[in-house]
Amino acid sequence: MKYIIGNWKMNKTAPESIDFMRKLSSFLMEDTYDFNCHVVIAPPVIHLPHCFQFSKEINLAAQNLAAEDFGAYTGEISAAMLSEYVKYAIIGHSERRQYFQETAVILNKKITMAFKYNIRPVFCVGEKEQDRELGNYFNVIEGQLNETIMLLPDEHLSNCIIAYEPVWAIGTGKTPSLAQIEEMHAYIRKMLVLKIGKYNASKMPILYGGSCSVKNSSSILHQNNVDGLLVGGASLDFMHFKEIIECSDTSC
Ligand code: PGA
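The present account deals with the structure reproduced in this document. (Residues numbered from 1 in each chain as written. Predicted model: local features only at pLDDT ≥ 70, side-chain atom pairs only at ≥ 80, totals over all residues. Heavy atoms only, no water.)

1. So, the overall build of the protein
The helix and strand tally for the protein stands at 11 helices and eight strands. With the C-alpha coordinates aligned to their principal axes, the bounding extent of the protein is approximately 45 × 45 × 35 Å. With 252 residues in all, the protein has 50% of them scored as buried. Working note: accessible area of the protein is about 11700 Å², and carbon and sulfur atoms make up 53% of it. Distance between charge centroids for the protein: 2 Å, based on 23 positive and 28 negative side chains. (Helix = DSSP H or I, 4+ residues; strand = E, 2+ residues; numbered from the N terminus. Buried < 20%, exposed > 50% of the residue type's maximum accessible area, 1.4 Å probe, protein only. Areas by Shrake-Rupley, 256 points an atom, 1.4 Å probe, with all protein chains shown as cover. Lys, Arg positive; Asp, Glu negative; His and termini not counted. Charge placed at Lys NZ, Arg CZ, Asp CG, Glu CD.)

In structure tokens form, the structure reads like this:
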């Protein structure tokens, strides 16, 4: 069963988000729809309450959550508040790391909060372009995992979703080759096997993200160890997102 997660980032007004969710839920309810994949949308947090009316068909994710439990943190939204609406939370997205200085220490607090309130982390890792050019990408990904989710107790680690998102592929229209995607996903899977054993590691979804489009989604989804997609820009347009979901049909 594949995961197709749309991350809207800071886009869409309330009427636009409701219109999209209405179309998507009707599509998922059609008799002909039998794609057997988890469809998740991460809208801006202010839209979660109105998107929630569609939560029978469409699971919701938070794009972020606070590192602290509650209290005097102006502007923050806690995991407890989000847990009324979402099953998942994106944690460690490169935009949060880059623009909001989210370090491993902060990310670990966020992961702890997610688990405390039964929210499943979609934990993002990814190398920068220069790491790719220097041939350093395996070390970077290994480091990002070792200082965060690999520190979790096995039962929590097993419950994470990992998204491999090369920073240089996000919003750029550039993607790694299929062989490069497969190679990194296999590498991550191997790390998981060593930590939690083959059976549990095989059950953990490893998603790819970074310039996913209608054109490339099917071939990426067909790669070994690719269990779904984290889609940014292409999730804003209903027709594009629908076609990406349809790609998962033959890949399930
Ligand atoms: P993109 O974004 O699909 O627009 O490249 C992906 C992401 O940031 O998760």
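Still more to cover.
2. Some points on helix 9 (residues 178-203)
Along its 26 residues, helix 9 runs just 22 Å from first to last C-alpha, ending more than 12% under the 38 Å computed at 1.5 Å per residue. The largest bend along helix 9 reaches roughly 125° and is located at Gly197. Every buried residue of helix 9 is accounted for by Ile181, Met184, His185, Ile188, Arg189, Met191, Leu192, Ile196 and Ala201. (Expected span 1.5 Å × (residues − 1). Bend = angle between axes of the 7 residues up to and from the residue.)

3. Details of a nonpolar patch on the surface
A cluster of nonpolar side chains, Val45, Ile46, Ile77 and Met81, forms an exposed patch at the surface whose accessible area comes to about 370 Å². Locating Ile77 in the fold gives a position in the loop between strand 3 (59-62) and helix 3 (79-82). (Patch = residues over 30% accessible without salt bridge, like charges linked within 9 Å, V, L, I, M, F, W, Y side chains within 5 Å. Salt bridge = Lys/Arg side-chain N within 4 Å of Asp/Glu carboxyl O.)

4. What to know about the nonpolar core
Note that soluble globular proteins tend to have their nonpolar side chains buried in a common cluster. In terms of nonpolar packing, the biggest core is built from 66 residues, with Leu24, Leu145, Ile188 and Ile245 touching the most fellow members. By residue number, the principal contributor to this core is helix 9, which donates seven residues. Here Leu145 is in contact with Phe123, Val125, Met150, Ile162, Ile188 and Met191, once residues within four sequence places are set aside. (Core = buried A, V, L, I, M, F, W, Y, C linked by side-chain atoms within 4.5 Å. Contact = heavy atoms within 4.5 Å.)

5. What to know about helix 5 (residues 104-116)
With 13 residues, helix 5 ought to run about 18 Å at 1.5 Å a step, and its terminal C-alpha atoms sit 18 Å apart, in line with that. All of the buried residues along helix 5 are Ala104, Leu107, Lys110, Ile111, Met113, Ala114 and Phe115. Packed against the buried residues of helix 5 are helix 3, strand 4 (88-91), helix 4 (94-99), strand 5 (120-125) and helix 8 (154-157). Just beyond helix 5, the residue with positive phi is Asn118, at close to 60°.

6. Brief notes about the environment of Leu152
Position of Leu152 among the secondary structure elements: in the loop between helix 7 (137-146) and helix 8. A relative accessible area of 14% means that Leu152 is categorised as buried. In sequence terms Leu152 and Asn108 are 44 residues apart; their C-alpha atoms lie 9.0 Å from each other.

7. Re unusual backbone geometry
Note: most peptide bonds trans; most residues except glycine with negative phi. One non-glycine residue, Lys9, lies in positive phi territory at about 50°. By the secondary structure assignment, Lys9 is in the loop between strand 1 (3-7) and helix 1 (14-29). A relative accessible area of 22% means that Lys9 is categorised as partly exposed. Notably, Gln101 is not glycine yet its phi reads approximately 50°, a positive angle. Examined against the element boundaries, Gln101 turns out to sit in the loop between helix 4 and helix 5.

8. Details of the site of the ligand
Taken together, 13 residues lie near the ligand, and Lys9, His93, Glu165, Gly171 and Ser211 sit nearest. In this structure, an oxygen atom belonging to the ligand sits 2.7 Å away from a side-chain N or O atom of His93. In the model, an oxygen atom of the ligand is placed 2.8 Å from a nitrogen or oxygen of the Gly233 main chain. Burial of the ligand by the surrounding chains reaches 95%, relative to a free accessible area of 280 Å². In terms of residue class, the shell around the ligand is made up of five nonpolar, six polar and two charged. (Near = heavy atom within 4 Å. Polar contact = N/O pair within 3.5 Å; in protein donor to acceptor, adjacent residues only side chain to side chain. Nonpolar A, V, L, I, M, F, W, Y, C, P; charged D, E, K, R; others polar.)

9. Description of the pairing of strand 8 (residues 228-231)
If a strand is regular, its side chains alternate between the two faces of the sheet. With burial as the criterion, each face of strand 8 is covered, one bearing Gly228 and Leu230 and the other bearing Leu229 and Val231. Pairing of strand 1 with strand 8 involves four bridges; the strand directions are parallel. Within strand 8, the residue paired with Ile5 across the bridge is Leu230. Pairing of strand 7 (residues 206-209) with strand 8 involves two bridges; the strand directions are parallel. Residue pairing across strands places Tyr208 opposite Leu229, the latter belonging to strand 8. (Pairing = 2+ DSSP bridges.)

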